[in-house]
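A closer look at the structure
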Amino acid sequence: MLNKLSHFLNPNSRISSTPPSYYYEGRCPQTGEMLRLPRTAIAEVIAYGLMRQLSQNEFYAREGKMYGILLVELPNGEQRVIKAFSGLLNGFSVVEGWVEPIPGRDEVALTEACTLAELESIKQEIITLKQLPEREQYQKLSAEFKQQLELINSRHSLSKQQRQEKRQQYHQTLVGENLEIALTQLETESRQQGIERKYFKRRQNEVLQPLEQIIVTSDTRIRELKQKRKEISRLLQTQMHAAYSLTNFYGQSLSLQKLLPGGIPTGTGECCAPKLLHYAATHKLKPLAMAEFWWGESLGQDKVQGEFYGACVERCQPLMGFLLSGFKSNFAKEKEVNIIYEDECLIAVNKPAGLLSVPGRYADNQDSVLSRLRNIYDLEVMTVHRLDQETSGILLLARDSTTYSLLSQQFEKRQIHKIYEAILAGSLNTDQGVLDLPLWRNPENRPYQQVDLERGKPSVTKFRVMGKQGKYTRVELIPLTGRTHQLRVHAADVRGLGVKILGDRLYGCNADVSRLHLHAREISFQHPQSAENIHLQTVTPF
């Protein structure tokens, strides 16, 4: 049931850092808070992986339906994927490897089986009534009579025209008794043709009316059966909805009847989203992202295979607030971000060591400052610069494209000033100075940087010793340029300080410590809107 991400993703699957394309959302019934669960880029990539699997198995090609995946986190921090289908899959409510239906179906299983059998019987009777041989016979004979009547009418019309011409001729050529006799003959011919039509229609009615009566009786019976089918289905749905019990992340359980007292559309509780969220809540799984898509033929449902869809308005959306209740309260604290400054156009956070600034390319490194701000705090932000995963400290993020552009320009013009604090794994012979050592990234040894006087890009760092701590040295580092790993390389290289930053395993420090001792302590810049000079400072955590 709990699938590894590798079951859906290739080892080299790349995940974009674009904002979520959709949110499953609803207000918590208790707090009134708007709760949101995103459909993120990684959720969509996982869904595409499931689509590939569906396309390779004919079992899933027999009918079109909605499928869904939910990315969850286990108590040990590992990420897994659960998957679900809407309704029944080829007549089965339980299929190995897929999330089970909402509890309650078992309680009405016998009633459901009997009702479904009765509905099938009604369906077959309706089919039989629609396929009565009298219907085809009636259609065939009706067509024949219609054709014969058209021939008679055509012949009679021609005769009528000929009689009119004869009348005109008789009035011109005959008089007296001879005229009366000739006109009487024409009237007799007209009456005979009328009698012929009358007898034809009588014969038609004698043949067709018995068949028509059988059809009318059959149609009446079909309408009765359809009404009966509707009533039986409604009764079954009512019984099932009374038994169906959904659970949210507070551990609260309510039946569909209590959740939707105003009326429950057919199929409520059988869609993917409720199944997935209920399973996650009852198995203590943290929901991270969800995606639903259509697979198979549309069959008039206006759905496109492989397209993503949100919560359906009638059946799923009204349940979202209850189903999501508690998940943010229970899980968000572990994913909190320490925001130290915030206004309408920018945010500054104090990033902890070990957390990425932005999501990585692959599925196993999606947790980051950016994703947490977007997914937990519902903030649309862009990173203006980055800190190494192992480095803690101040990180600036823009809330709109204009702010992003203006802050980026300040970084490019070196108008933003940063001060780092670090502990070196050894002693220095000098108290302060400037390091001017160009850095080059070897493409065959990423992300490792090295000093290269020929191929390197200009890299300048000011340093100042703050104090000694036994065999270690606390220093203040001010980067005048912003190269990747600049401070770490300038510290470790023998042409620089020649002493590695404590905990910097990438550049050769093997000390038994829990983190890289490098912290972005201060930042100064001009506010992109007010032009006010902003200076932010944090406490160094080591």
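The rules behind these values
Here the residue numbers are simple positions, counted from 1 along each chain's written sequence. At least 70 in pLDDT is required for a residue's local features to be given in this predicted model, at least 80 for side-chain atom pairs to be given and counted, and no such filter applies to totals for whole chains, interfaces and linings, which use all residues. Side-chain measures here rest on the full set of heavy atoms in the structure, leaving out hydrogens and waters. Stacked, edge-to-face and tilted labels apply to pairs of Phe, Tyr and Trp rings (six-membered ring for Trp) whose centres lie within 6.5 Å, assigned for plane angles under 30 degrees, over 60, and everything in between, in that order. Each helix is a run of DSSP H or I of at least 4 residues and each strand a run of E of at least 2, with the numbering of both proceeding from the N terminus. A simple rule labels every residue: compare its accessible area, found with a 1.4 Å probe on the protein chains alone, to the largest value its type can have, and call it buried under 20%, exposed over 50%, or partly exposed in between. Only lysine NZ and arginine CZ atoms are considered, and such an atom sits over a ring when it is within 6 Å of the ring centre and within 35 degrees of the ring normal. A helix is expected to span 1.5 Å for every residue after the first. Each C-beta atom gives one direction from the helix axis, and the arc is the one those directions make. Whether two residues are in contact is decided by their heavy atoms, any of which lying within 4.5 Å being enough. In protein, a polar contact means a hydrogen-donor-capable atom and an acceptor-capable atom, both N or O and within 3.5 Å, with residues adjacent in sequence counting only if both atoms are side-chain atoms; elsewhere, any N or O pair within 3.5 Å suffices. Here the term patch refers to residues with relative accessible area over 30% and no salt bridge, with like charges joined within 9 Å and nonpolar side chains (Val, Leu, Ile, Met, Phe, Trp, Tyr) within 5 Å. Per-residue and other accessible areas follow the Shrake-Rupley method at a 1.4 Å probe size, with only the shown protein chains counted as cover for residues. Basic side-chain nitrogens of Lys or Arg form a salt bridge, by our definition, when they fall within 4 Å of a carboxyl oxygen of Asp or Glu. Note that His is not counted, nor are the chain ends; the positive residues are Lys and Arg, and the negative ones are Asp and Glu. Charge coordinates come from a single atom per side chain, which is NZ of Lys, CZ of Arg, CG of Asp or CD of Glu. Only when DSSP finds a minimum of two bridges between them are two strands counted as paired.

**Considerations on the packing of aromatic side chains**
- If you walk through the whole model with that rule in mind, you get 10 aromatic pairs.
- The interplanar angle of 85° and the centroid separation of 5.2 Å between the aromatic rings of F59 and Y60 together place this pair among those described as edge-to-face.
- Between Y60 and W98, the aromatic rings sit 5.9 Å apart at their centres with planes inclined by 55°, giving tilted as the arrangement. Residue Y60 is located in the loop between helix 1 (41-55) and strand 4 (65-73), and its partner W98 is located in the loop between strand 5 (79-85) and helix 2 (109-130); the two are separated by 38 residues in the primary sequence. Of the two residues, Y60 and W98, neither departs from the other in class, the shared state being buried.
- One aromatic cluster is present, built from ring pairs that chain together F59, Y60, Y67, F85, W98 and F293.
- For K303, the ring lying beneath its charged end belongs to Y309, and the centroid distance is 5.2 Å.
- Seen from the ring of W440, R455 lies directly overhead, with NZ or CZ sitting 3.7 Å from the centre.

**Quick notes on helix 10 (residues 401-412)**
- The end-to-end C-alpha separation of helix 10 is 16 Å, in line with the 16 Å expected for 12 residues at 1.5 Å each.
- For helix 10, every residue scored as buried is listed here: T403, L407, S408 and Q410. One side of helix 10 holds all its buried residues, which, seen down the axis, span an arc of 155°. Those residues of helix 10 that are exposed and angled more than 90 degrees off the buried face are S401, T402 and E412.
- If you follow the buried residues of helix 10, they end up packed against strand 11 (346-351), strand 13 (392-398) and strand 20 (518-526).
- If you check the start of helix 10, you find a side-chain oxygen 3.1 Å away from the backbone N of T402, and it comes from D400.
- Looking one or two residues beyond helix 10, the residue adopting positive phi is R414, at roughly 60°.

**What about a positive patch on the surface?**
- There is a patch of like positive charges on the surface, built from R14, R361, R414, R441, R446, K457 and R483.
- Turning to its location among the elements, R446 is positioned in the loop between strand 16 (439-441) and strand 17 (449-451).

**Focus: helix 7 (residues 317-324)**
- Along helix 7, six of the eight residues are buried, which leaves the element largely enclosed by surrounding structure.
- Listed in full, the buried residues belonging to helix 7 are L319, M320, G321, F322, L323 and L324.
- Taken from the residues just after helix 7, G326 is the one with a positive phi, measuring 100°.

**Re the pairing of strand 3 (residues 34-39)**
- Sheet topology note: the strand 2 (residues 22-27)/strand 3 ladder contains six bridges and is antiparallel. Across the sheet, the residue bridging to R27 is M34, located in strand 3.
- Remark: six residues form the turn of the hairpin made by strand 2 and strand 3, two consecutive strands paired antiparallel; G32 in that turn has positive phi of roughly 80°.

**A word on unusual backbone geometry**
- Looking along the chain, the bond that leaves R446 and enters P447 is cis, with omega of 0°.
- Within the secondary structure, P447 is located in the loop between strand 16 and strand 17.
- Unusually for a residue other than glycine, H485 sits at a positive phi of about 60°.
- With respect to the element layout, H485 can be found in the loop between strand 19 (472-479) and helix 11 (486-492).

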